[in-house]
Amino acid sequence: MPAHTDSLPAVRVQRDGAIALVTLHNPPVNALSTAVRQGLQQAFAELSHDADVHAIVIAGSGANFIAGADIREFGQPPQAPALPEVCNQIEACDKLVIAAIHGAALGGGLEIALSAHYRVAVDTAKVGLPEVALGLLPGAGGTQRAPRLIGAAAALDLMLSGRHASAKEALRLGLIDHIATSNDIAAEGVAYARSLLADGAPIRRTGEQTAALADRAAQQAAIDAARAEVAKKKGLFSPSKIVDCVQAALDQPFADGLATERDLFTQCLHSPQRAGLVHLFFAEREVTKSPETQSAQPRPLQKVGVIGGGTMGAGIAVSLLDAGLNVTMIERDDAALALGQSRVAKVYDGAVAKGRLTEEGKAAILTRFQGSTHYDALADADLVIEAVFEDMAVKKAVFAELDRVCRPGAVLATNTSYLDINEIAGSISRPQDVLGLHFFSPANIMKLLEIVVPAKVSADVVATGFALAKKLKKVPVRAGVCDGFIGNRILAVYRTAADHMMEDGASPFEIDAMVRAFGYPMGPYEMSDLAGGDIGWATRKRRAATRDPKARYVHIADRLCERGWFGQKTGQGWYVYEAGSRSGKPNPAVEPLIAEARAKAGVTPRPFTREELERRYVAAMVNEGARVVEEGIALRPLDVDVTLVHGYGFPRHKGGPMKYADLVGLPQILADIQSFAKEDPLFWQPAPLLVRLVQEGKNFDSLNHG
Ligand code: 3HC
Ligand code: NAI
């Protein structure tokens, strides 16, 4: 984290009689940077020797107590003092130490609080040990102190989920001792310290507590249950180490447990998963900033129109309603409108059935939802999102209507997956108001929102797209206009690589299994069955006219579609689905179609190792990712990473394809591409950016900064 720029010291000590108030000041979130750790160490060293001080209160300035270790320091040479040392020093202090918590006390922040002898929090505070989300474990005593305070089960729940607990829950668990009545946390901390002193409260070191672990059988049962749960989540490194640490808390003396934690924390710190997850932590925050959000203010957003009540239109409407916006849905006719409205209502019926929403809650939401078959109903809309058929003529007709009825300054957006948004914008009188807002299915659940920026759009319209994403709690990624934008364009290329491997001898089931073993929730053929094979088929037909006649084309998917085998919705595709089942078995009827295609193409099938399948699949993805960055379709490699993680199932712990390529090493990726190019030089042309980075000895991450 950049050093704070104001003149206040990172740690400030103020005296109030026998009570010393130690305030951390490291904007924006009081992360435990080197300066903060040094300041705390020095303050405690001095106060310990001050006979006039009877109690020390630790508090944070600004909006939070402490958000944890300074994540930017991970992977850098360590600077003394280490955080565990500071925590041990606080706990060992002979004065009464009180942590006074407001905002967030997370990770190392909560570990500082657990090292204090008492904890008070305002009722809006949030506490947690979210290190697992960064591929880590609480490494400053949290794995040893939390179980000693609240028992193994509750500590494991917090550490394995990484969730934030409210002050109320923390009080119930025994993680904090007292909830403050006012929000002036420093004053509350001092008052609490004064009352503890008045009561003669003893120094109570968490490392010496035994009560919560006394029932050893119950603790062991909780650890065993957690270990069994963790075993189901294959591929992640740190969760099993968290369980090991809690086992050490049960079995080992406190000091030995701390040493075990240190050892396992270091292993996590050096794992590629930590590198991938920390990269994403920052990438997810970077993508929310674009040149337009820096230079322009968003337009107002309250009333939104959605054109089309199909799969996407209905999902988008739900997402907007969930965010508290007023939504008007426009459909072609009364029947289509009724269907669209029922799709929306069904989502809320489901929420009521699951107990997540009351009937009254549902009714209240639906009062903000209107429908019409007349565009005039959109006259006062601030934003309209079009989600009609993927057909340029239909979209242009819709935009002509919008041009006619919408008020000046309304933002006119399209959810097109592939079509040229410049052409749509150019067909109306106000291209400056036209934006791409590419949602993913199901739109009320998927977090990604590609904000597609056509040539003539004004900056404040783009900024409005980002503001909408924030309202909808989506992850926005800025994309340029091209066929498929960032995500679908890259998907088309790695799916083609998969098809080539299938025709050359791999089965679609082997390819899916490899992709799952890599960490995706499903492979490309399972995905196609889920989304509907007809969607890809329509795209392939549309592209047929512009396809390079020299490029290799695999016909197998088309053969399935010609038979009406679109996947789950038709009962079969690459897999066969028993009535109502969403998990399929390999479709035996696919094998002869593949064999026929191979024979027609004159291919003698050969075996593929899983490693080769993976290398080709990833290399195709990375190569196209490099092109997308080089052409400016994505602002930086990190935008590609966030897109593929949030929209396409790329495993989060691998950091996204560009980060993964950096971790593998770009020279190896390039060498793979060059070797595959010997069979198919057209498909496997190395991206010039990749070649240049290898020549210069740089990685993709070098393009993420500045
Ligand atoms: N270290 C360094 N920078 C951090 C940080 C941290 N721990 N936490 C947040 N930041 C930065 C963000 O990158 C962002 O920077 P930017 O403005 O340049 O983009 C800025 O602080 C503000 O962060 P948010 O945008 O996330 O602010 P919010 O107000 O939305 O959320 C928060 C605040 C809930 C504290 C959230 O930032 C958060 O969850 N932070 C991370 C918490 C965490 O994971 N802590 C564990 C760290 S690992 C650890 O402690 C190891 C220990 O066990 C040894
Ligand atoms: P869909 O076929 O489920 O829904 C389209 C809806 O638009 C239908 O209800 C239809 O009645 C309505 N419609 C058609 N013409 C209309 C008009 N002139 N005025 C009002 N309504 C009209 O299609 P789907 O899947 O919802 O796709 C819509 C758009 O979203 C397409 O552009 C598609 O490419 C895009 N998209 C689709 C995704 C998906 O996974 N299905 C993902 C992301 C984008």
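Here, every reference points to the structure presented above.
This text gives an overview of the structure that appears in the document. (Residues numbered from 1 in each chain as written. Chains lettered and ligands numbered in written order. Predicted model: local features only at pLDDT ≥ 70, side-chain atom pairs only at ≥ 80, totals over all residues. Heavy atoms only, no water.)

Some remarks on the site of ligand 2
Selection rule: Working definition: residue near molecule or strand if any one of its non-hydrogen atoms lies within 4 Å of it. The definition of a polar contact used here is a pair of N or O atoms within 3.5 Å, where within protein one atom must be able to donate a hydrogen and the other to accept one, and adjacent residues in sequence count solely through side-chain atom pairs. Each accessible area is a Shrake-Rupley estimate made with a 1.4 Å probe; only the visible protein chains count as cover when residues are assessed. Secondary structure elements follow DSSP: runs of H or I no shorter than four residues count as helices, runs of E no shorter than two count as strands, and numbering proceeds from the N terminus. All residues other than Ala, Val, Leu, Ile, Met, Phe, Trp, Tyr, Cys, Pro, Asp, Glu, Lys and Arg, Gly among them, are scored as polar; the first ten of these are nonpolar and the last four charged.
Neighbouring ligand 2 are 23 residues; Met 312, Glu 331, Glu 390, Lys 395 and Ser 417 lie closest to it. In this structure, an oxygen atom belonging to ligand 2 sits 2.5 Å away from a side-chain N or O atom of Glu 331. Protein contact buries 80% of the 830 Å² of open area that ligand 2 shows by itself. Going through the elements one at a time, helix H12 (311–322), helix H15 (392–405) and strand S15 (434–439) are the ones with two or more residues in the shell around ligand 2. No other element matches the 3 residues that H15 contributes to the shell around ligand 2. Considered class by class, the residues forming the shell around ligand 2 number 10 nonpolar, 9 polar and 4 charged.

Describing the side chain of Arg 598
We count it as follows: Relative accessibility thresholds used throughout: buried, under 20% of the residue-type maximum; exposed, over 50%; partly exposed, between the two (1.4 Å probe, protein chains only). The convention is simple: Lys and Arg are positive, Asp and Glu are negative, and His and the chain ends are not counted. The rule for a salt bridge is simple: a side-chain nitrogen of Lys or Arg has to be within 4 Å of a carboxyl oxygen of Asp or Glu.
One can find Arg 598 in helix H23 (residues 590–601). Despite its burial, Arg 598 pairs with no opposite charge, the nearest such side chain being Glu 591 at 5.5 Å. In this structure the side chain of Arg 598 is engaged in a polar contact, spanning 2.8 Å, whose partner is the backbone oxygen of Met 502.

Side note on the sheet that holds strand S2 (residues 19–24)
Heads up, the rule is: We treat two strands as partners when DSSP finds at least two bridges between them. Contacts were defined at the residue level, with two residues in contact if any of their heavy atoms lie within 4.5 Å. Axis definition: a line fitted to C-alpha atoms, limited for helices to the stretch in contact. Angles are taken between N-to-C directions and run from 0 to 180 degrees.
Across the sheet, which stays open at both edges, the 6 strands sit in the order S1-S2-S3-S4-S6-S9 with mixed pairing between neighbours. Pairing within the sheet leaves two strands with one partner each, and these edge strands are strand S1 (11–16) and strand S9 (178–179). Of the pairings in the sheet, the one linking S1 to S2 comprises 6 bridges and is antiparallel in character. Bridging from a neighbouring strand, Val 13 pairs with Val 22 of S2. In the packing of helix H1 (residues 34–48) onto the sheet, contacts are made with S1, S2, strand S3 (55–60) and strand S4 (96–101), and the angle to S1 comes to roughly 30°. Its contacts with the sheet place helix H6 (residues 185–199) against S1, S2, S3, S4, strand S6 (118–121) and S9, and it is angled at close to 150° to S4.

Focus: the packing of aromatic side chains
Quick reminder of the rule: Side-chain rings of Phe, Tyr and Trp (the six-membered ring for Trp) are treated as a pair once their centres are within 6.5 Å; stacked means planes under 30 degrees apart, edge-to-face means over 60, and tilted covers the remaining angles. We count a charge as sitting over a ring when the NZ of a lysine or the CZ of an arginine lies within 6 Å of the ring centre and within 35 degrees of the ring normal.
Under the counting rule described, the total for this entry stands at 13 aromatic pairs. Ring centres of Tyr 520 and Phe 650 lie 5.8 Å apart, and the angle between their planes is 75°; on these two criteria the pair is classed as edge-to-face. Of this pair, Tyr 520 sits in the loop between helix H19 (508–518) and helix H20 (524–531) while Phe 650 is found in the loop between helix H25 (637–648) and helix H26 (657–664), placing the two residues 130 residues apart along the sequence. Accessibility classification places Tyr 520 together with Phe 650 in one group, the buried group. A network of ring pairs unites the aromatic residues Phe 518, Tyr 520, Phe 650 and Tyr 660 as a single cluster. Over the ring of Phe 281 we find Arg 285, and its NZ or CZ is 3.7 Å from the ring centre. Here Lys 541 stacks its cationic end above the ring of Trp 537, 3.6 Å away from the centre of that ring.

Quick look at the site of ligand 1
Of all residues adjacent to ligand 1, which total 25 residues, the nearest are Gly 108, Glu 111, Glu 131, Arg 285 and Lys 289. Contact distances for ligand 1 include 2.8 Å between a nitrogen atom and a backbone N or O atom of Ala 69. In this structure, an oxygen atom belonging to ligand 1 sits 2.8 Å away from a main-chain N or O atom of Gly 108. Computed on the free molecule, ligand 1 has an accessible area of 990 Å², of which 75% lies beneath the protein chains in the complex. Those elements giving two or more residues to the shell around ligand 1 turn out to be helix H3 (108–115) and helix H10 (272–286). Counting residues per element, the shell around ligand 1 draws most heavily on H10, at 3 residues. By residue class, the composition of the shell around ligand 1 is 15 nonpolar, 4 polar and 6 charged.

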